[in-house]
Amino acid sequence: MPDGRHPDGPTEKCGVVGVSLDERDAARPLYYALYALQHRGQESAGIVTHDGFQQHSHVEMGLVGDAFEAEDLETLKGATGVGHVRYPTAGSVNSSCAQPFSVSFKSGSLGLSHNGNLVNTAELREELAASGHAFTSDGDTEVIAHELARNLLEADLIRAVKRTMNRIHGSYSLTIAHDDTVLGVRDPQGNRPLCIGELDDGYILASESAAIDVLDGELVRDVRPGELVVLEGDGAGFDSYQLVERDNTAHCFFEHVYFARPDSRIDGQLVYDVRRELGRQLWVESGVESDVVLPVPDSGRAFASGYAEAAQAEGAEVSFAEGLMKNRYVGRTFIMPTQDARERAVRLKLNPIRDVVEGKTVTVIDDSIVRGTTSTQLVELLRDVGAEEVHMRIGAPPIVAPCYMGIDMASREELIAAGCETDAIREDIDADSLAYLSIDAVAEALDSTRADLCLGCVTGEYPYDIQGESTDRDVIRPDIGDAAGDTGVAGSDD
Ligand code: AMP
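Just so you know, these numbers come straight off a predicted model, no measurement behind them.

Caption draft 1: Representation of the pattern of salt bridges within the structure. For the structure shown, the criterion picks out 27 salt bridges. Where Glu255 meets Arg40, a salt bridge forms, and the shortest distance between an N and an O atom there is 2.9 Å. Separated by 215 residues along the polypeptide, Glu255 in helix α8 (residues 253–259) and Arg40 in the loop between α1 (27–36) and β2 (44–50) bring together distant segments of the chain. Each member of the pair Glu255 and Arg40 is classed as buried. Linking Asp298 and Arg301 is a salt bridge whose minimum nitrogen-to-oxygen distance equals 2.6 Å. Each of Arg40, Arg192, Glu208 and Glu255 takes part in a single network of salt bridges with overlapping partners.

Structure follows, in structure tokens:
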């Protein structure tokens, strides 16, 4: 993994959905649910349905709104189906990886949507290929489909899924259409989210509860780590099978920090509340006096409001202002191919309001620093419009290692905090002070412990067996800030 990316191919951070209704066609609810999950993937969108006789599929590159015409939805017949939006990773825009992956075997038709990343894809692919399975893509989803199909020939549905779960290693939240039966599966450590919702006339499985909200449904609960959920064909209910048990979970903390929508509930917690609490803790750990607190829109908003509220509650004379305006028509700067393009895109995307900033000391709050492009540009922009001091506060610990579990996080060499102390980063981005949140504060805000979270990107210790990386999660890197009090604040006046 010289470039720090996943050993088995492109990382995939996606949105998945599955629906089983009484009589109504599933295509429209799936389409609306995918719209609600658009933030989880903008490269491709797809739906696979089953009408009781045959499977129908429509998968296109692009955003949900562009991928489907009204007539496409008309052709997607049937009351059951699954859908997928796929996250773009620079350099891996590839229609063969678009999902749901659909295929017909002797054991029936399968439509498969996957969010996550397997760590033993190469091994499984080799074995399957040797026994005659032919592959059309280099993604891990097709490997899961072939593995499941093979097991379905020899065992009933539940046993076949269990066998598959015992063979595939890594992170996965899956929605699967096996003929007209819809299944949801979450990996034994629950790395990626998946939840169950009740609709007027059926049930839905989705990466995030916001997709249930848009269909006026009710969140029932999260799918448990290691659980298989089978939606009943008439939309009347679902069955649950706890197929694999583990002592620990490995929930991805970054879902709460950045990836998920703030209006989603993940593993029992409203993401918005978690972000506000992280913001409050940021004030407790590294609050700095300033005239105004500015969120970096959109991801920094909830953090900044929690931070400002905690500051004001302690009597700090600081105001909260939307002093950075975002142009919502600019795509994500993160996935621009070159550093130059990324810098230009930050400038296009974020514009400071001079009147809010001029002559003031400002604290800028963002959820995370990855390469440092956004922070560097912002500090410069704010100084250009007359900020007297610029303090950066970050609602997550320093990102020091790549994510192999499904978030496109840049390679180790690109990460500004990899092997770097906070003060050196502060100097790099030219802020007056810089502080990150401690890992312990994150665990506490998530009502969890370090042992039950995937903290790979902030510790370099992974819960899954990644070739060449440590899986010892008790090892704590010294430069990260271990104890709650040690937040590694760096700055001229701290
Ligand atoms: P950077 O400019 O490279 O330091 O990236 C940090 C900015 O990108 C922050 O404003 C984050 O909200 C956002 N961000 C963090 N992680 C990701 C990710 N995996 N994909 C896209 N954007 C991200």
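Don't stop here, the text continues.
Caption draft 2: Seen up close, the environment of Asp298. Along the chain, Asp298 falls in the loop between β17 (292–295) and α10 (301–313). Residues Asp298 and Met325, 27 residues apart in the sequence, show an inter-C-alpha distance of 9.5 Å.

Caption draft 3: Up close: the packing of aromatic side chains. On inspection of all chains with the given rule, the structure shows nine aromatic pairs. Seen in terms of ring centroids, Tyr31 and Phe68 are 5.7 Å apart; in terms of plane orientation they differ by 80°. Their pairing is edge-to-face. Residue Tyr31 is found in helix α1, and its partner Phe68 is found in the loop between α2 (64–67) and α3 (70–75); the two are separated by 37 residues along the sequence. Pair check on accessibility: Tyr31 and Phe68 agree, each one buried.

Caption draft 4: Highlighting the UniProt feature "active site" (unreviewed entry) in the chain. On the UniProt side, "active site" (unreviewed entry) is annotated at positions that read Cys14 here. With respect to the element layout, Cys14 can be found in the segment before β1 (15–21). Sequence-distant contacts of Cys14, defined by excluding residues within four places in its chain, comprise Arg40, His84, Val85, Arg86, Tyr87, His114, Asn115 and Ser207.

Rules and cut-offs
Residues numbered from 1 in each chain as written. Predicted model: local features only at pLDDT ≥ 70, side-chain atom pairs only at ≥ 80, totals over all residues. Heavy atoms only, no water. Salt bridge = Lys/Arg side-chain N within 4 Å of Asp/Glu carboxyl O. Helix = DSSP H or I, 4+ residues; strand = E, 2+ residues; numbered from the N terminus. Buried < 20%, exposed > 50% of the residue type's maximum accessible area, 1.4 Å probe, protein only. Phe/Tyr/Trp six-rings, centres within 6.5 Å; stacked < 30°, edge-to-face > 60°. UniProt positions renumbered as here; feature names shortened; annotations may be inferred. Contact = heavy atoms within 4.5 Å.

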